[in-house]
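# Coordinates in review
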Amino acid sequence: MAAECLAMRSRLIGRTVTGIYDDALRPVGVTAGQLNILAVVVRRGPISPGEVARRLNIEKSTMSRTVERMKRNAWLEISPGESARSQELRITKAGRRVLEEAEPMWREAQRRAREILGSSGVEAIHQLAAAIRERTAWAQ
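Summarised in this report is the structure supplied together with it. These figures come from a predicted structure and were not determined experimentally. Throughout this document, residue positions are counted from 1 along each chain, in the order its sequence is written. Confidence filtering applies because this is a predicted model: local features only for residues at pLDDT of at least 70, side-chain atom pairs given and counted only at 80 or more, and all residues used for totals across whole chains, interfaces and linings. Values reported for side chains reflect all heavy atoms of the structure, with hydrogen atoms and water molecules removed beforehand.

### Here we look at helix α1 (residues 6–25)
A run of DSSP states H or I qualifies as a helix once it reaches four residues; a run of E qualifies as a strand once it reaches two. Both are numbered from the N-terminal end. How far a helix is expected to stretch is found by multiplying one less than its residue total by 1.5 Å. Here α1 is 20 residues long and its end C-alpha atoms lie 28 Å apart, about the 28 Å a rise of 1.5 Å per residue gives. For α1, the complete set of buried residues consists of Val-17, Ile-20, Tyr-21, Ala-24 and Leu-25. Along α1, the residues classed as buried sweep out an arc of 130 degrees about the axis, all on the same side. Structural note: α1 exposes Arg-11 and Arg-15 on the side pointing more than 90 degrees away from its buried face. Relative accessibility thresholds used throughout: buried, under 20% of the residue-type maximum; exposed, over 50%; partly exposed, between the two (1.4 Å probe, protein chains only). It is the directions from the helix axis to the C-beta atoms whose arc is reported.

Here's what the structure looks like:
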C-alpha cells in the first residue's frame, strides 16, 4: 500500500511545496494559505467566505478559523452580505500591503519550487490541476 499510495505522495508534494512558500513568506507574517485567500478576495471581492472556500477547496471550519485570524490581523474585513445570513469579505489597506510586501518573496518561492519540481513536475501539476477543475465541482 505505501509503495503505491497516491494520497501519501500527493501530500508529500503538497507539504514540500507549501513549506517552501511558508518559509519564504514568514518575514511578512503570512502563510501560503492566507496569501491565497487574500489573492482570491482581491480578484473576486467582495466575496463570501463560502465562495472563497469553494474556489480554494478549503474545509468550512478551516476557512472560518483562517478568516478570523486574518480579521484580527486587520487584513480582511467582514461585512453583511445581501441576505441576512450572508457575509462578504473585503481586503483592507493592511491586507493589500501584505500582498505587496509578499510578492517578491512569493516570486522567490515560485523559483525555488520550480527548481525542486523541475519543468516536467511543474507541467504535471498544471495538468493535474486542470483535470481536477474539469472533473470536480469544487473548482468550478
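On we go.
### A look at helix α3 (residues 49–56)
The complete set of buried residues in α3 reads Pro-49, Val-52 and Ala-53. An end-on view of α3 places all buried positions within 100 degrees of arc, on one side of the element. Of the surrounding elements, those touching the buried residues of α3 are α2 (32–44), α4 (60–72) and β2 (87–91). A positive backbone phi angle near 55 degrees is found at Asn-57, which sits one or two residues after α3. In this analysis, two residues are considered to be in contact whenever any of their non-hydrogen atoms come within 4.5 Å of each other.

### Observations regarding the side chain of Thr-92
Secondary-structure assignment places Thr-92 in the loop between β2 and α5 (93–135). Its relative accessible area of 15% is what places Thr-92 among the buried residues. A polar contact is formed between the side chain of Thr-92 and the backbone nitrogen of Gly-95, at a distance of 3.0 Å. Apart from residues lying up to four places away in sequence, Thr-92 is in contact with Ala-74, Trp-75, Leu-76 and Glu-77. Polar contact is defined as a pair of N or O atoms within 3.5 Å, subject to the rule that within protein one atom must be able to donate a hydrogen and the other to accept it, and that residues adjacent in sequence are counted only when both atoms are side-chain atoms.

### Regarding unusual backbone geometry
Between Gly-45 and Pro-46 the backbone carries a cis peptide bond, its omega angle lying at -10 degrees. Secondary-structure assignment places Pro-46 in the loop between α2 and α3. Non-glycine residue Asn-57 carries a positive phi angle of around 55 degrees. For Asn-57, the location among the structural elements is in the loop between α3 and α4. With a phi angle near 65 degrees, Ala-74 is a residue other than glycine that sits in the positive phi range. Inspection of the secondary structure puts Ala-74 in the loop between α4 and β1 (76–80). Overall, Ala-74 belongs to the partly exposed group, its relative accessible area being 38%.

### Examining the nonpolar core
Where a protein is soluble and globular, its nonpolar side chains tend to be buried together. We call a set of buried residues a nonpolar core when its members are Ala, Val, Leu, Ile, Met, Phe, Trp, Tyr or Cys and they connect through side-chain atoms within 4.5 Å of each other. Within the largest apolar cluster, 28 residues are counted, with the highest numbers of intra-cluster contacts made by Val-30, Val-41, Val-52 and Leu-76. Going through the elements one at a time, α1, α2, α3, α4, β2 and α5 are the ones with two or more residues in this core. For this core, the element with the highest residue contribution is α2, accounting for six residues. When near neighbours in sequence (up to four residues on either side) are disregarded, Val-30 contacts Leu-25, Leu-35, Trp-75, Val-98 and Ala-102.

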